[in-house]
Structures are given as structure tokens and as C-alpha cells.
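What follows is the residue order along each chain.
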Amino acid sequence: MKRLNPHLCNYMEVFDSIRSKKKGRRRQILRNLRRTVSERYSGYVARTDTLHMVQPQIYGKGKKAALRHCYDVETTPLSKLKSDIKKAQAAELAGLCQYCGVDSTPTFDHFLPKEIFPEFSVLAINLIPCCYECNQVKRAKWTNGSHCLVFNLYFDQLPTERVLYCRLNYSTTSIPQVEFYLNEPAGLAAADFQRAKSHYTTLGLLSKFNRCANTFISETRNELRQLAPNSRSVMISLLRGKVSNLVMTFGENYWKVAIAEAMHTSSEFLSSCENP
Ligand SMILES: [Zn+2]
């Protein structure tokens, strides 16, 4: 999980260009809402560190539908906005959902949900590239009243301490049972750990990691068999190198980091690499 770069642009210019593509009554409604949208955007920009406290504004059915239409129906300026948001990201992170670190990013999460905040449906800094699953699972979940339920990848300070761990349990087969878990590190404030816990729990990430783990373990085993046949010390050193590289690119709490750490201290895993 790494922070993303917010796409900084003239947000009202984007809204206006999308609005200009609408016709008839919808166009008129959006014209009348322009001042409200502008004020709401300013409010959002001013409190990106306390988004859990933003209060929804009530709109009639027609206004709500017109605002939602800005995102729900593809237009050239909307496509450009989506493309610009993706272009603002570092190349190694651009295609990978940073909520989970597992899947690609064909979709955008509305951090403040568009069902509740339709005026933010095309606000660049409210759109976070993510995978279908994270988007579906998060949906309108957003706050518990005291903090946001998932990390805001543009504005939150993400934990640099390790909180995500993994155990490999070998029983009778050579395929381990993988168990991910969270552990509160000494250097992290309790409230920050609770926020991290909320992120993983809200998005159902630990079970998602469990589903993907064995593919990564098999790939790594095959790699080690080729690179370091029957040399446990070389295997351990290769795994340490893998951990460092993954941490550098994807952060301390990337799920593959947790597995690679578990692999390099598991004698069962290392044996499975030595004995095909
Ligand atoms: Zn995801």
C-alpha cells in the first residue's frame, strides 16, 4: 500500500467541461448548481485531513440525478479526467490497486460515496483508481464518525511500520495453509493501528490475500529451485533481497512482503524448494 498522487487541476473547469456535454433540462439544472458545487469543492479541498466529518447536503431527486449523470455517463472530458488521474501516478503503481495491492485498476472509488455526495462525483481528488472488488466491497462505507473506514490514498499518512504479517502452516501436504494477521507494532500509536485495522477489515483484505497467497508461494518456490538449487543460505539471501525490493516499491505492508518474510523463516518452505 503506497500513497498515490492527487491529480491537481482546476476542478471547476473539469466540472464545467463535463456539464457542457449535457443537454436540455439536465444541463440547466447543472448550470443552476454551479455555485453550490464550487462551494462544496472548496470545502472538500480545505478539509482533506478530516473528510470523515464532511456533512452531506440534501438535493432533490432531479438535482441528485443530474450530478450523478456527470460520472455515470461517459463523455470526452470525463474520459480525459480518468486518464489524467492515472497518468499522475508513479509507473510502478499505476496499474495496481493500492487499497489491496492485488488487482488492476479498471475502476474508480468515490472516496466520499457518490450515493451520498453526488456533487463530488467528478471531483478529481475524490476519485481513487482501484479494482472492481475493492470498489464493490467499499461501496458507500466511508466513516464511523471518528475516522474514515479506509485509508485515503491521496491524503492519509499510511503506516510505515509493519502491521501485516503472515504464517505458513504446513501439515501433511507440501501446500501450506496461509494465515494473514495484523499485529500492533511498538512504534505506532494505538489510534493509527486501529485505522489500519479498519482498512483491512472494511475491505475484507485478509481473506483476499489468503486466496492469492499460494500462487505467489508456488511461483517463488519455482524461482528458487532454478536460482539456488539445494543452497538454503542462497535461498534465504534471495528471499531477503525480494523483501527489500518489494518494500521499496510497494511499501512495508504489501501482502507479498508478509509472505516473503514468512517464507524465508519457514524451514518447511525452504525444504520444499530443495526437494521437488
Ligand atoms: Zn483492490
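Just so we're clear, the structure is a prediction, and the values are computed from it rather than from any experiment.

**Q** Is there a simple way to think about the domain arrangement of the chain in this case?
**A** Many descriptions give the size of an interface as the accessible area lost when the pieces come together. Parsing the chain into structural domains produces domain 1 (11-138) and domain 2 (164-273). For domain 1 and domain 2, the distance between their C-alpha centroids amounts to 35 Å. Contact with domain 1, which involves 14 residues of that partner, is made by 12 residues of domain 2. In this structure, R211 engages E133 in a salt bridge whose closest nitrogen and oxygen atoms are separated by 2.9 Å. Where domain 1 touches domain 2, the interface holds 5 residue pairs in polar contact (both at pLDDT 80 or more). No other element matches helix α6 (residues 132-138), which puts 4 residues into the side of domain 1 that touches domain 2. Residues that form the side of domain 1 that touches domain 2 fall into these classes: 8 nonpolar, 2 polar and 4 charged.

**Q** I would appreciate a short explanation of the pairing of strand β2 (residues 127-130) in the present structure.
**A** Taken residue by residue, a regular strand's side chains alternate between the two faces of the sheet. Side chains L127 and P129 project from β2 onto one buried face, and the interleaved I128 and C130 project onto a second face that is buried too. Looking at chain direction, strand β1 (residues 107-110) and β2 are connected through 4 bridges and run antiparallel. Directly across from F108, in β2, lies its bridge partner P129.

What counts as what
- Each chain carries its own residue numbering, running from 1 in the written order of its sequence.
- In view of the model being predicted, local features appear only for residues whose pLDDT reaches at least 70, and side-chain atom pairs are presented and counted only at 80 or more, with totals across whole chains, interfaces and linings using the full set of residues.
- Where side-chain values are given, they derive from all heavy atoms of the structure, hydrogens and water being excluded.
- By convention here, the domain bounds are inherited from an automatic or database domain assignment.
- Residues are treated as being in contact if the distance between any of their heavy atoms lies within 4.5 Å.
- Criterion for a salt bridge: a side-chain nitrogen of Lys or Arg within 4 Å of a carboxyl oxygen of Asp or Glu.
- Contacts described as polar in this section are N or O atom pairs within 3.5 Å, which, within protein, must combine one atom able to donate a hydrogen with one able to accept it, while residues neighboring in sequence count only if both atoms come from side chains.
- The way it works is that DSSP assigns letters per residue, a run of H or I at least four long becomes a helix, a run of E at least two long becomes a strand, and they are numbered from the N terminus.
- The classification used treats Ala, Val, Leu, Ile, Met, Phe, Trp, Tyr, Cys and Pro as nonpolar, Asp, Glu, Lys and Arg as charged, and all other residues, Gly among them, as polar.
- Exposure categories follow from relative accessible area, calculated using a 1.4 Å probe and restricted to protein chains: below 20% of the type maximum is buried, above 50% is exposed, and the middle band is partly exposed.
- Between any two strands, at least two bridges found by DSSP are needed for them to pair.

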